[in-house]
Every structure is written in structure tokens, then in C-alpha cells.
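Coordinates in review
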Amino acid sequence: MNTYFRYNCYMIFPFRDSDELSACILSLYDELSFSDGQLVQLRDLQLTDAQIGFICTADHKLKGISVFEFFEEYDVMNMCRWDTDSEAAGREMLAYLKKNYGSYQLEFTFSPENKLLISLLKECGAKLYGEQMNMELRSFPEIVNTDEIVLFSDAYMNQFHTVCQENDDIYWTADMLLRSPEEFRILLALKDQKVTGYLALTCCYEVNNIIDVFVRKEFRSLGYGSKLLYKAIAMNQPSGLTLQVDIDNGAAIALYEKMGFCKMEGKNTITAILKTD
């Protein structure tokens, strides 16, 4: 049987791959009253090498499933799945994570309809951010002059760090973006060789994601946002492209719609960060 951890009447079993999960299910089958649907749900669960899963049981029944992905270089664990309708089971899974992964920052992105998870995260002292709209590119925008948009290079290193520090809403810092050039593409907007803004996006997936768009205050309303977006869209072809925006940021939403992005219905999200140390 896999190593398990008991919290009150709950047992939590971690697993790192489908074989380990299958062995866990088989070893527990005589003790747990799994329904057919629950067994199929677990047996069909596939993890990558960077992921870890947990099952939570109590009273000989499955109470919850969660999956997290490790980002070791950032000391982050990102939630990929959280399935439980039990307040007690959710509380015990969070307690287990806080106790056993104290060196990691836990990040949760989920539907705003999940009121139970919102309540539990608040109870744990997590920082919750505002609701965001997910948008995807569905049409190519009208041509925009991008002569003032360039790819990041070391010549702009100091300026890029300075501009990132001016971004009060930043999550992906300059160091984090520059650490993985194979994963992230950084575009800079210039005015007389001065960096006026930047756009960062992933660049190695079938569907990439715009992580951040920022223009310095004194250069806003001059078209730099449109220029950065157009360059990003053009360079990203033929891959898909998505982004997230606060639902109350009307100006940004209007710009994205102008550039060919549309709301993904039913895909709004909330993000929460739980620091475990």
C-alpha cells in the first residue's frame, strides 16, 4: 500500500504516476467502497512527470481528488485539478499540503462558481485575486505598424528590469521570464531606443498565452498596446493564442476585442496564492 497520511478520520494518499495510482486503488479496493464511476475516474487519470496527485478517503469512501504540477525553478505548485464537494475533505487536503510542501507556493486557478474552495482558501489565509475573463484569438486584426516593436535582447536588460518594476500588477517578474527563454517570448516597445512597454507570452505550445501587457504611464493612449499585440499575434502564427483580463478592466477588454480576441463563455477564473512557509 502507498504511504498515507491520516488527518482526523481522513486518509490522504499521494501518487506520482498512473502505475502507482493503480497499485493504490487495487490495494485499497477491499477497504474502500468505490463506485464504478469513481474507479473509472481514477484509473483514467494520467499525470506528467512534473505532476503529483492525491486522493482523500474517509469512512471507506473516496472524498476528494487533487492534482498539482511542480515548477521547481520557481518553487511553485500549480493546481491542475481539485474535485471534492466535502468541506471537511477539502480542509484536510489543504492542511496536508501546507504541512508537507512548506517550501512551495501553492497556486490555484479555478471557476468563481466554486464557492467552497473560495471559502476554504480564505480560511487558510490565501490571497485571492479578482475574477478574470479568459479570451482567445478568433480573427486576425487589421495591419498595425510595428517598426517600434523588437524582441528582447541583452542591450535592453536594465531598461526591461526597470519597466517591470513599474508594473504594480506584475506576477511574472523580469527574472522569472528571462530564466526560461525557450518557453517565453518578450517583445519590447521602443521610442528613440527607450523602452516604453513590453508584452510577454509563452511561445512553445499549440495554444500560447499572453502573460502580461504593460505600457508605461507616460506612453499610454499612443498605440503601443496595439503594436505589441499585433506583433505578438503575427509571430505566434499558426499557434492559438489566449489571455486573461480582469472583468472590470473595460479599456483593456475593448483593446483585446479590437485585436481579434473574444470572450470564452463560461471560462472565467479566480486565482489564489497560498504561501505555505
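Look up: the structure comes first, before these words.
Conventions adopted
- Residues numbered from 1 in each chain as written.
- Predicted model: local features only at pLDDT ≥ 70, side-chain atom pairs only at ≥ 80, totals over all residues.
- Heavy atoms only, no water.
- Helix = DSSP H or I, 4+ residues; strand = E, 2+ residues; numbered from the N terminus.
- Patch = residues over 30% accessible without salt bridge, like charges linked within 9 Å, V, L, I, M, F, W, Y side chains within 5 Å.
- Areas by Shrake-Rupley, 256 points an atom, 1.4 Å probe, with all protein chains shown as cover.
- Salt bridge = Lys/Arg side-chain N within 4 Å of Asp/Glu carboxyl O.
- Lys, Arg positive; Asp, Glu negative; His and termini not counted.
- Charge placed at Lys NZ, Arg CZ, Asp CG, Glu CD.
- Buried < 20%, exposed > 50% of the residue type's maximum accessible area, 1.4 Å probe, protein only.
- Arc of directions from axis to C-beta.
- Contact = heavy atoms within 4.5 Å.
- Pairing = 2+ DSSP bridges.
- Axes fitted to C-alpha atoms, helices over the stretch in contact; angles between N-to-C directions.
- Phe/Tyr/Trp six-rings, centres within 6.5 Å; stacked < 30°, edge-to-face > 60°.

Here the bond from Gln237 into Pro238 is cis, since omega is 5 degrees, no more than 30 degrees from zero. With respect to the secondary-structure elements, Pro238 resides in the loop between α7 (224-236) and β13 (240-246). Positive phi is not limited to glycine here, since Asp192 has a value of about 55 degrees. Tracing the backbone through its elements, the reader meets Asp192 in the loop between β10 (184-191) and β11 (194-202). Within the chain, Ser221 stands out as a residue other than glycine whose phi angle is a positive 65 degrees. Of note, Ser221 is situated in the loop between β12 (207-215) and α7.

On to a negative patch on the surface, then. Taken together, the side chains of Glu72, Glu73, Asp75 and Glu182 present a region of like negative charge at the surface. By the element assignment, Glu72 lies in the loop between β4 (61-71) and β5 (76-83). On the basis of relative accessibility, which here comes to 46%, the residue Glu72 falls in the partly exposed class.

Turning to the pattern of salt bridges, a few remarks are in order. On inspection of all chains with the given rule, the structure shows six salt bridges. The partner of Asp83 in a salt bridge is Arg81, and the shortest N-O contact between them spans 2.6 Å. Note that Glu148 and Lys227 form a salt bridge whose closest N and O atoms lie 2.7 Å from each other. With Glu148 in the loop between β8 (132-137) and β9 (149-151) and Lys227 in helix α7, this pair connects stretches of sequence that are 79 residues apart. We classify Glu148 as partly exposed; its relative accessible area is 23%. Each member of the salt-bridge network shares a partner with another, and the members are Glu87, Arg91 and Glu123.

Those residues of helix α4 (residues 115-123) lying buried are Leu117, Ile118, Leu120 and Leu121. Each buried residue of α4 sits inside an arc of 170 degrees when the element is viewed along its axis, so together they form one side. Residues Lys115 and Lys122 are exposed on α4 and point more than 90 degrees away from its buried face. Where α4 is buried, its residues contact β5, α3 (87-100), β6 (105-110), β7 (127-128) and β15 (270-275).

Turning to the side chain of Gln105, a few remarks are in order. For Gln105, the position within the fold is in strand β6. What makes Gln105 buried here is its relative accessible area of 18%.

Strand order in the open sheet formed by seven strands is β9-β10-β11-β12-β13-β8-β14, and the pairing between neighbours is mixed. Edge strands, defined here as strands with exactly one partner in the open sheet, are β9 and β14 (261-263). The mean inter-strand angle of the sheet, taken between neighbouring strand axes irrespective of direction, is 30 degrees. Looking at chain direction, β8 and β14 are connected through three bridges and run antiparallel. Along β14, the bridge assignment pairs Glu136 with Cys262. Where α7 meets the sheet, it contacts β8, β9, β10, β11, β12, β13 and β14, and its direction lies at approximately 145 degrees from that of β10. The sheet contacts of helix α8 (residues 250-258) involve β8, β12, β13 and β14, and relative to β13 the element is tilted by about 165 degrees.

With respect to burial, β10 is a largely interior element, seven of its eight residues being buried. Bridging between β9 and β10 involves three bridges; their strand directions are antiparallel. Of the residues in β10, the one forming a bridge with Val150 is Leu188. As paired strands, β10 and β11 are joined by eight bridges and run antiparallel to one another. The residue bridging Phe184 from the neighbouring strand is Thr202, located in β11.

Our next topic: the packing of aromatic side chains. A full pass over the atoms with the stated rule returns 17 aromatic pairs. On the numbers, 5.5 Å between centres and 90 degrees between planes, the contact of Tyr74 with Trp172 is edge-to-face. With Tyr74 in the loop between β4 and β5 and Trp172 in the loop between α5 (157-166) and α6 (174-178), this pair connects stretches of sequence that are 98 residues apart. Tyr74 gets classed as buried once you look at its relative accessible area, which sits at 13%. With a relative accessible area of 22%, Trp172 lands in the partly exposed category. Both rings, one in Tyr96 and one in Tyr101, keep their centres 6.3 Å apart while their planes meet at 70 degrees; by these two values the pair is edge-to-face. In this structure Tyr96 comes out as buried when scored by relative accessible area, which is 2%.

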